[in-house]
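Observations on the three-dimensional arrangement
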Amino acid sequence: MHQFQVDSQVRTRIAILRFTMIFGIVILHTPAYVSITDIGSGWFDLTKAFLQSAVFRCTVPVLTCLSGYLLFGSGIDRNIHKLVRKKFHTLALPFFACNVLLAALLYLLQSQFTVPISYQLYPFSLDKMLDAAFGYTKHPVNYPLNFLRDLLVLMVLAPFIGYLLRNAAVLGLALVIALFWLDFDGILVLRNEMAILFYIGGMAAVQKWNITRLDNYAGACLVAFLALCAYIVLFKVENTTYLRFLAPFLLWPTTVLLVNTRVGDWLAARAEHSFFIFLLHAPVLVLSYALYQEMEESIPYALYWFAAPVLTTWGLIVAHRFCTASRLPGFGRDFSAGKTKTT
């Protein structure tokens, strides 16, 4: 299979964006969730809503586009045996391990104690357990991993999608939009926009789009993105579909502003921890919130909310480094074809 390579600057930009989006996911999932229609007017409420209800709603769309770009650029979809083997180890095993074990533990705990979370697995129900362990019809018990659940489905469809990309790209895009956006796929892919953005990322790679074309407008793209986010918060917009589709195209150019800077180098250097953080951040955040609730009379909620994602990310980076140094399983490195050079 051919080598898929990108220049060092694009590789750095992918790493910057990956870690930034993963940290954004940690912020997105920091409890407690507040609907945008219920936010207050204070500075903290508006800041929290700006980040959780607008800015970092773009994380999954951006990561999905990157996944499609890397996978179809590598051409691994043409080698079904290698695709299955690679994704089984880097996606399927981590997904099952981080859901099945957690679902089993939660079931045992709930059989003995009252555990005040939305997923109630006791008494046993096959439907609930299938959802909790495998994300059959809704998000699994490790709720951020619904992204991996949908991504695994897209990996199964990748050979067919790749054929469309290389032989009838525009017709294929229309077909994907019709099939998934209109929800004809049912529960196959739970987030309808994921298949579309995965396909668009693949188009960028297969058709060799000039992905640096908007770099000269990086500042304008950043301003436009932040303005859209501000609009969502100020007018309490619940439907952020347009932002999710625009985000990959607005945020990618902005990464050029961080290349060869201390901040950019720091972010890129930590991209290798992204997948580990993604897999385990939700249970850590849930535990942190439970601890905070025991001390909420003495600790301001704003302090907890700002500190929790930083401490969670830092703690998981340390844990991943320990696992790597100890040669313990690191649950893979990335979301799709992964590295920007794949055989």
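Our subject in this report is the structure included herewith. On a predicted model such as this, the values are computed, not experimentally measured, just so you know. (Residues numbered from 1 in each chain as written. Predicted model: local features only at pLDDT ≥ 70, side-chain atom pairs only at ≥ 80, totals over all residues. Heavy atoms only, no water.)

Note that side chains of opposite charge can pair when their charged atoms are close. The final tally for this structure, using the stated rule, is four salt bridges. Between Arg244 and Glu193 there is a salt bridge, with the nearest N and O atoms lying 3.0 Å from each other. With Arg244 in helix H10 (residues 241–254) and Glu193 in helix H8 (residues 192–206), this residue pair connects regions lying 51 residues apart in the sequence. Of the two residues, Arg244 and Glu193, neither departs from the other in class, the shared state being buried. (Salt bridge = Lys/Arg side-chain N within 4 Å of Asp/Glu carboxyl O. Helix = DSSP H or I, 4+ residues; strand = E, 2+ residues; numbered from the N terminus. Buried < 20%, exposed > 50% of the residue type's maximum accessible area, 1.4 Å probe, protein only.)

We now examine the packing of aromatic side chains. Two aromatic rings, taken as a pair, are described by how far apart their centres are and by the angle between their planes. Taken as a whole and assessed by the stated rule, the structure comprises 20 aromatic pairs. Each ring, one from Phe44 and one from Phe306, has its centre 5.8 Å from the other, and the planes form 65 degrees; the classification is edge-to-face. With a gap of 262 residues between them, Phe44 in helix H2 (residues 43–52) and Phe306 in helix H13 (residues 301–325) connect regions that are remote in the sequence. Overall, the relative accessible area of 12% leaves Phe44 in the buried class. (Phe/Tyr/Trp six-rings, centres within 6.5 Å; stacked < 30°, edge-to-face > 60°.)

The nonpolar side chains of soluble globular proteins are, as a tendency, buried together. Leu71, Leu148, Leu151, Phe198, Tyr199 and Phe225 are the most contacted members of the largest nonpolar core, which has 86 residues in total. In this structure, Val115, Met129, Ala133 and Val141 belong to the second largest nonpolar core, which totals nine residues. (Core = buried A, V, L, I, M, F, W, Y, C linked by side-chain atoms within 4.5 Å.)

A few words now on a nonpolar patch on the surface. Where nonpolar side chains cluster on the molecular surface, the patch consists of Ile177, Leu179, Trp181, Leu182 and Phe184 and spans about 500 Å² of accessible area. Along the chain, Trp181 turns up in helix H7 (residues 169–181). By relative accessible area, Trp181 is classed as partly exposed at 36%. (Patch = residues over 30% accessible without salt bridge, like charges linked within 9 Å, V, L, I, M, F, W, Y side chains within 5 Å. Areas by Shrake-Rupley, 256 points an atom, 1.4 Å probe, with all protein chains shown as cover.)

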